[in-house]
Amino acid sequence: MPANEPTRFDYLLGVMGVSLACAAILGVLSSVPLYLAGSVGSLLAAGVLVGGTLGEYQ
């Protein structure tokens, strides 16, 4: 595979970053406490990591 093309894990890291950023934005712009929004974003990012890694071995 050429080195200049994104891999599956590049996409997983991108989705993890977007989920964390969206949670932070939600916490700042809404009445949801920042620690709660950050926790939900972290759980989503962890779920993407686990699901993506397990999907690699199926």
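The text that follows walks through the structure, step by step, so that each part is easy to find. (Residues numbered from 1 in each chain as written. Predicted model: local features only at pLDDT ≥ 70, side-chain atom pairs only at ≥ 80, totals over all residues. Heavy atoms only, no water.)

**Points about the overall build of the chain**
Piece 1. The helix and strand tally for the chain stands at two helices and zero strands.
Piece 2. Relative to the compact-globule value of 10 Å for 58 residues, the chain shows a C-alpha radius of gyration of 14 Å, a clear excess of over 25%.
Piece 3. Carbon and sulfur atoms make up 73% of the accessible area of the chain, which amounts to about 4,400 Å² in all. (Helix = DSSP H or I, 4+ residues; strand = E, 2+ residues; numbered from the N terminus. Rg over C-alpha atoms; globule rule 2.2 N^0.38 Å. Areas by Shrake-Rupley, 256 points an atom, 1.4 Å probe, with all protein chains shown as cover.)

**Remarks on helix H2 (residues 34–56)**
Piece 1. In a regular helix each residue adds 1.5 Å, so 23 residues correspond to 33 Å; H2 covers 33 Å between its end C-alpha atoms and thus fits that length.
Piece 2. Where H2 is concerned, the buried positions are Ala37, Gly41, Ala45 and Gly52. (Expected span 1.5 Å × (residues − 1). Buried < 20%, exposed > 50% of the residue type's maximum accessible area, 1.4 Å probe, protein only.)

**Quick word on the packing of helix H1 (residues 8–29) against H2**
Piece 1. Across the interface, H1 lies against H2 with an axial gap of 8 Å and an inter-helix angle of 165°. When the axis of H1 is compared with that of H2, the two are roughly antiparallel. At the point where H1 passes H2, the crossing takes the right-handed sense. Contacts between H1 and H2 pair Arg8, Phe9, Leu12, Val15, Met16, Ser19, Leu20, Ala23, Ala24, Gly27 and Val28 from the former with Leu34, Ala37, Gly38, Gly41, Ser42, Leu44, Ala45, Val48, Leu49, Gly52, Gly55 and Glu56 from the latter.
Piece 2. When its residues are assigned to classes, the contact of H1 with H2 shows 14 nonpolar, seven polar and two charged. (Axes fitted to C-alpha atoms, helices over the stretch in contact; angles between N-to-C directions. Parallel < 35°, antiparallel > 145°, perpendicular 65-115°, else oblique. Left-handed = near helix turned anticlockwise from the far one by under 90°. Contact = heavy atoms within 4.5 Å. Nonpolar A, V, L, I, M, F, W, Y, C, P; charged D, E, K, R; others polar.)

**Section: the side chain of serine 19**
Piece 1. With respect to the helices and strands, serine 19 occurs in helix H1.
Piece 2. Serine 19 has contacts with Gly41, Leu44 and Ala45, leaving out every residue within four places of it along the chain.

**Some thoughts on H1**
Piece 1. Taking 1.5 Å as the rise per residue, H1 with 22 residues should run 32 Å; its terminal C-alpha atoms sit 32 Å apart, in good agreement.
Piece 2. In this structure, the buried side of H1 is in contact with H2.

**With respect to a nonpolar patch on the surface**
Piece 1. Where nonpolar side chains cluster on the molecular surface, the patch consists of Ile25, Val28, Leu29 and Leu34 and spans about 450 Å² of accessible area.
Piece 2. Within the secondary structure, isoleucine 25 sits in helix H1. (Patch = residues over 30% accessible without salt bridge, like charges linked within 9 Å, V, L, I, M, F, W, Y side chains within 5 Å. Salt bridge = Lys/Arg side-chain N within 4 Å of Asp/Glu carboxyl O.)

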